[in-house]
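Report on the structure
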Amino acid sequence: MTTSFRNLRPMLNPKNIAIIGASEKHGSAGRLVLENLHFLGYQGEIFAINPKNETVLGHPCYKDLKSVNKPIDMVAILIGAPHVKSILEQMKELQIPACWCLASGFSESGDEGKKLQKEIAAFCEENHILLCGPNCIGVANMTDKFAAFSVAINPNLRTGGVSAVMQSGAILMGLANSARFGFRYLISAGNQAVLDISDYIGYLATDPETKVILAFVEGIPNAEKFVDAVRAAFHAGKPVLMLKVGRSEGAQRAVQAHTGSLAGSDSVLDAVLQKEGVIRLNSLDELVQAAELFAVAPLPKTDGIGLLSLSGGQIGLVEDLSQGMNLNFSKLSDETLAALHEILPSFSTVSNPVDAWGNGDLEKMYPGCVAAVASQSDISLIAMSRDTPLGVADREIEQSMRIAESAVRVKNEFKKAVLLFSNFSGNFDPKVEEFLRKEAIPYLQGTQEALQAIQAFEKYAAFRRKPAPEAAKNPITSDKLAAWKKRFETTTEPLDEVEGRALLADYGIDGPHESVASTKEAAADVAEKIGFPVVLKILSPDIRHKTECGGVKIGLKNRQEVSDAFDQIMKSAHAYKPEARLEGVIVQEMISPDSVEVILGIMNDPTFGPVVVFGSGGILVELMKDSTLAIPPFTRQEAGEMINRTRGSKLLKGFRGKPAADFDALCDALVGLSFLAVDFADHIAALDINPLMVLPNGKGVRAVDVLMERTSK
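Residues numbered from 1 in each chain as written. Predicted model: local features only at pLDDT ≥ 70, side-chain atom pairs only at ≥ 80, totals over all residues. Heavy atoms only, no water.

1. A look at the overall build of the protein
Across its full length, the protein holds 23 helices and 30 strands. Among the 713 residues that make up the protein, the fraction classed as buried is 53%. The contacts of the protein with a sequence gap of at least 6 include a subset with a gap of at least 24, amounting to 70%. (Helix = DSSP H or I, 4+ residues; strand = E, 2+ residues; numbered from the N terminus. Buried < 20%, exposed > 50% of the residue type's maximum accessible area, 1.4 Å probe, protein only. Contact = heavy atoms within 4.5 Å.)

In structure tokens, the structure reads:
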């Protein structure tokens, strides 16, 4: 980790605050900020700055910051964008460390706004001023009862261990008003002129009272700092749950209009989050339900889930919605099945998820069923389905309380993660909800949202359980690396195909046996040495896609076929591109038909840098969109996980009579390519190995075709 994160205490927990634009006008930001401080019971000094008033809401007014004549920690700037720079200059003179800027009219509003934001950002950086915003609703510290916040704080908002950092103020307030868990910090990042999402996450990673970090992200201005921040949070044991917009073109346009942020490559971000253990959710409802679970329940020790319901229909719904999700409803052991058969009527079909309705005597059946499932050692999470909407009949509340009491007993006796979920996304009966809250058992809303929350919880727990892999070793020797670096630095021309395979070979990725021939006689001689059948390919620095010009001939079985193919290739290539330099052909061994075809590649993302791509070969990668990304460098274990995320990985295990492919050699090839991607990040814009043939187990891989694009540097 290279980033040293800033101390945000003067902003998030200041000893005092000056409010520029303090006002008694109803609904104004200057009044709302003061009212929030009064409501929370802030114990620090409050300095109201307004040259037109003598007092505001009982606070004496000062004409400017200098008139306060005391050290100031934090300034709330509630005036228009054109006046912000002059306030910052006063802060510099008075050595005030932190401020929040409410105003819009900066990078989100055109060229003039971008210029103004750039000026204030440079000024703050030069003078070590912490700036929240601009174009945001501010910050609230619920634990220490401080808020520089321009929206009325919900009187029902509770304190707790969840800290939220969001670029959208409206979404931050929606979260604060709808969440049933308690908050440590609410932070609106806005345009991120000085402090960005990463600064806040990095600081929260060190905050002992923050247990879970929520982030709503529109743009990531500094990729390296972001990775360092989420990595710091992971090492501190604090889950980061993120909702990142920008998957669609429309969302990307909206993001740029809102805060002036660039959304960046979404698939690459997914690869980054996968590597760093950040949990990405797809909707605000999913984010809220996952946060409720993460904030309350202990992490499960295994991936086994036991789910209990009171309806076969509900179980059918769960089964349908969980299709394609990574949820392990553990197979019930013989002991568990026997215990359940003792409790449930003989006509009951018993499996996991469990229908615990039985003969309808819930008070008799349910507690025993829950205990039987919880006693199974490979089940570490118990999910209990129960709807208790507002206004339900008293008898329904009684039954819900019995289920809730069963949950508490299981939690205390078996020390496992336990949750209840409703199949509907509505409010709960307050008696049941309050009981569960006091017993620290989450009650989630909505079947789909609950399942997504459980999946996120299990994914994070598995990431934490996974032992740290041994560091991979770069397969290239130092002298060969130096020689290739020199080759790249002396020319901007891409490597030809033969050179490309030589580079790959030095990273442990072998190519087919091959040689270059400039005449048809030489091609026939080389083919005899390699052994028939062979492949011929045009060799020209001016022709990149060989098949388009008729520049590839395969399955050549003798000298005559090689000689004829040479003439045909040269003639077709000349007709395709008369000005092309034709240097001859590459003669290659024909790869075994028992091989499995895959694609490996490198791309250089403008935000996160080099990325390694793996995909199924042939038409599968296009028809099935069957590819995955990873951030280099990585280990053999991570390479294996990358392969197994594709549907085509099944082909590597032996399919329709074909032998199993050399999975270990493919992992080694990916590791080698990951180091190549890092070593030549400044020189290679893109590289495709298409196809890479994975030979039967124990026989390695062959990089058949290599295509490289150089960077413009």
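2. Description of the UniProt feature "domain: ATP-grasp" (unreviewed entry) in the protein
Summarizing the sequence annotation, UniProt attributes the feature "domain: ATP-grasp" (unreviewed entry) to residues 501–537 in the numbering used throughout. Split by type, residues 501–537 is 46% helix and 22% strand. Its first and last C-alpha atoms lie 14 Å apart. (UniProt positions renumbered as here; feature names shortened; annotations may be inferred.)

3. Some remarks on the pairing of strand S19 (residues 417–422)
Of all six residues in S19, six are buried; the element is thus mostly enclosed. Burial of S19 is two-sided: the residues Ala417, Leu419 and Phe421 facing one way and the residues Val418, Leu420 and Ser422 facing the other way are all buried. Bridge count between strand S18 (residues 379–385) and S19: five bridges; the pairing is parallel. From the neighbouring strand, methionine 384 faces S19, where its bridge partner is leucine 420. Taken together, S18, helix H14 (residues 394–414) and S19 form a β-α-β motif whose crossover is right-handed. Here three bridges tie S19 to strand S20 (residues 443–445), and the two strands are oriented parallel to one another. Counted as the bridge partner of serine 422 is glutamine 445 from S20. With helix H15 (residues 430–438) bridging S19 and the parallel S20, this β-α-β connection has right-handed handedness. (Pairing = 2+ DSSP bridges. Right-handed = clockwise from strand over helix to strand, strands pointing away.)

4. Some remarks on the sheet that holds strand S22 (residues 534–539)
Sheet strands pair via backbone hydrogen bonds, and the direction of the pair is either parallel or antiparallel. What the four strands build is an open sheet, ordered S21-S24-S22-S23; its pairing is antiparallel. Both edges of this open sheet fall to strand S21 (514–517) and strand S23 (552–556), since each of them pairs with a single strand only. Looking at each pair of strands side by side, their axes are set apart by 20 degrees on average, direction ignored. Lying on the sheet, helix H19 (residues 520–530) is in contact with S21, S22 and strand S24 (584–589); it crosses S24 at an angle near 15 degrees. Here helix H20 (residues 559–576) sits on the sheet and contacts S21, S22, S23 and S24; the angle it forms with S22, its principal contact strand, is near 25 degrees. (Axes fitted to C-alpha atoms, helices over the stretch in contact; angles between N-to-C directions.)

5. Some details on the domain arrangement of the protein
In terms of domains, the protein is made up of domain 1 (8–294), domain 2 (296–465), domain 3 (513–590) and domain 4 (596–710). Here the C-alpha centre of domain 4 lies 41 Å away from the C-alpha centre of domain 1. In this assembly, 13 residues from domain 1 lie in contact with twelve residues from domain 4. Carbon and sulfur atoms make up 72% of the surface buried where domain 1 meets domain 4, a total of about 940 Å² over both sides. At the junction of domain 1 and domain 4, the tally comes to one salt bridge. Here domain 1 is connected to domain 4 by two residue pairs in polar contact (both at pLDDT 80 or more). Among the secondary structure elements, those contributing two or more residues to the side of domain 1 that touches domain 4 are helix H7 (223–235) and helix H9 (266–276). (Domains from an automatic or database assignment. Buried area = accessible area lost by both parts, 1.4 Å probe. Salt bridge = Lys/Arg side-chain N within 4 Å of Asp/Glu carboxyl O. Polar contact = N/O pair within 3.5 Å; in protein donor to acceptor, adjacent residues only side chain to side chain.)

6. Notes on the nonpolar core
Core analysis: the largest hydrophobic core is formed by 89 residues, its most contacted members being Ile17, Ile19, Leu65, Val75, Leu88 and Phe226. Viewed by domain, this core spans two of them, domain 1 (8–294) and domain 4 (596–710), each represented by three or more residues. Filtering out sequence-adjacent residues up to four positions away, isoleucine 19 remains in contact with Val33, Leu34, Leu37, Ile46, Phe47, Ala48, Ile49, Ala76 and Leu78. Core analysis: the next-biggest nonpolar cluster, separate from the first, contains 53 residues, Leu157, Phe421, Leu451 and Ala453 among them. (Core = buried A, V, L, I, M, F, W, Y, C linked by side-chain atoms within 4.5 Å.)

7. Brief notes about the side chain of serine 406
Its place among the elements puts serine 406 in helix H14. Contact partners of serine 406, with chain neighbours within four places excluded, come to Tyr366, Pro367 and Met384.

8. So, the packing of H7 against H9
Across the interface, H7 lies against H9 with an axial gap of 10 Å and an inter-helix angle of 30 degrees. Between H7 and H9, the angle is such that the two are roughly parallel. Seen along the crossing, H7 lies across H9 with a hand that is right-handed. Along its contact with H7, which presents Phe226, Val227, Val230, Arg231 and Phe234, the element H9 presents Leu269, Val272, Leu273 and Glu276. (Parallel < 35°, antiparallel > 145°, perpendicular 65-115°, else oblique. Left-handed = near helix turned anticlockwise from the far one by under 90°.)

9. Section: helix H18 (residues 497–506)
Buried within H18 we find Glu497, Gly500, Arg501, Leu503, Leu504 and Asp506. The backbone nitrogen of valine 498 has a side-chain oxygen 3.0 Å away, supplied by the residue at the start of H18, namely aspartate 496.

10. Focus: the pattern of salt bridges
Applying the stated criterion across every chain yields a total of 40 salt bridges. Residue arginine 280 is joined to aspartate 266 by a salt bridge in which the shortest nitrogen-to-oxygen separation is 2.7 Å. Of this pair, arginine 280 sits in strand S14 (residues 279–280) while aspartate 266 sits in helix H9; the two residues are 14 residues apart in sequence, bridging distant segments of the chain. A single burial state applies to arginine 280 and to aspartate 266, both of which are buried. Here arginine 647 makes a salt bridge to aspartate 626, at a shortest N to O gap of 3.9 Å. One end of the pair, arginine 647, is in the loop between helix H22 (636–644) and helix H23 (663–679); the other, aspartate 626, is in the loop between helix H21 (620–623) and strand S27 (627–630), and 21 residues separate them in sequence. Judged by its relative accessible area of 49%, arginine 647 is partly exposed.

11. Some details on the environment of alanine 522
Along the polypeptide, alanine 522 turns up in helix H19. Through-space distance from the C-alpha of alanine 522 to that of valine 585 is 9.8 Å; in sequence the pair is 63 residues apart.

12. Topic: the environment of aspartate 594
In this structure, aspartate 594 sits in the loop between S24 and strand S25 (596–605). Among the residues examined, aspartate 594 registers a relative accessible area of 34% and is labelled partly exposed. Spatially, the C-alpha atom of aspartate 594 lies 80 Å from that of glutamate 24, the residues being 570 residues apart in sequence. Residue contacts for aspartate 594: discarding those within four places in its chain leaves Lys658, Pro659 and Pro696.

13. Some details on the packing of aromatic side chains
Two numbers describe a pair of aromatic rings. These are the distance of the centres and the angle of the planes. The tally for this structure, following the rule as stated, stands at nine aromatic pairs. Taking 4.7 Å as the distance between ring centres and 40 degrees as the angle between the ring planes, the aromatic pair formed by phenylalanine 488 and phenylalanine 680 counts as tilted. Here phenylalanine 680 lies in the loop between H23 and strand S28 (684–694) and phenylalanine 488 lies in helix H17 (residues 478–490), a separation of 192 residues in the sequence. Chaining the aromatic ring pairs together yields one cluster made of Phe234, Phe294, Phe457, Tyr460 and Phe463. (Phe/Tyr/Trp six-rings, centres within 6.5 Å; stacked < 30°, edge-to-face > 60°.)

14. Overview of the packing of helix H13 (residues 362–374) against H14
Angle between the axes and distance between the axes: these two values describe a pair of packed helices. Between H13 and H14, the shortest axis-to-axis distance is 10 Å and the interhelical angle comes to 25 degrees. Taken together, the axis directions place H13 and H14 in an arrangement best described as roughly parallel. Pair H13 / H14 crosses with right-handed handedness. Contacts between H13 and H14 involve Leu362, Glu363, Tyr366, Pro367, Val370, Ala371 and Ala374 from the former and Arg395, Gln399, Arg402, Ile403, Ser406, Arg409, Val410 and Phe414 from the latter.

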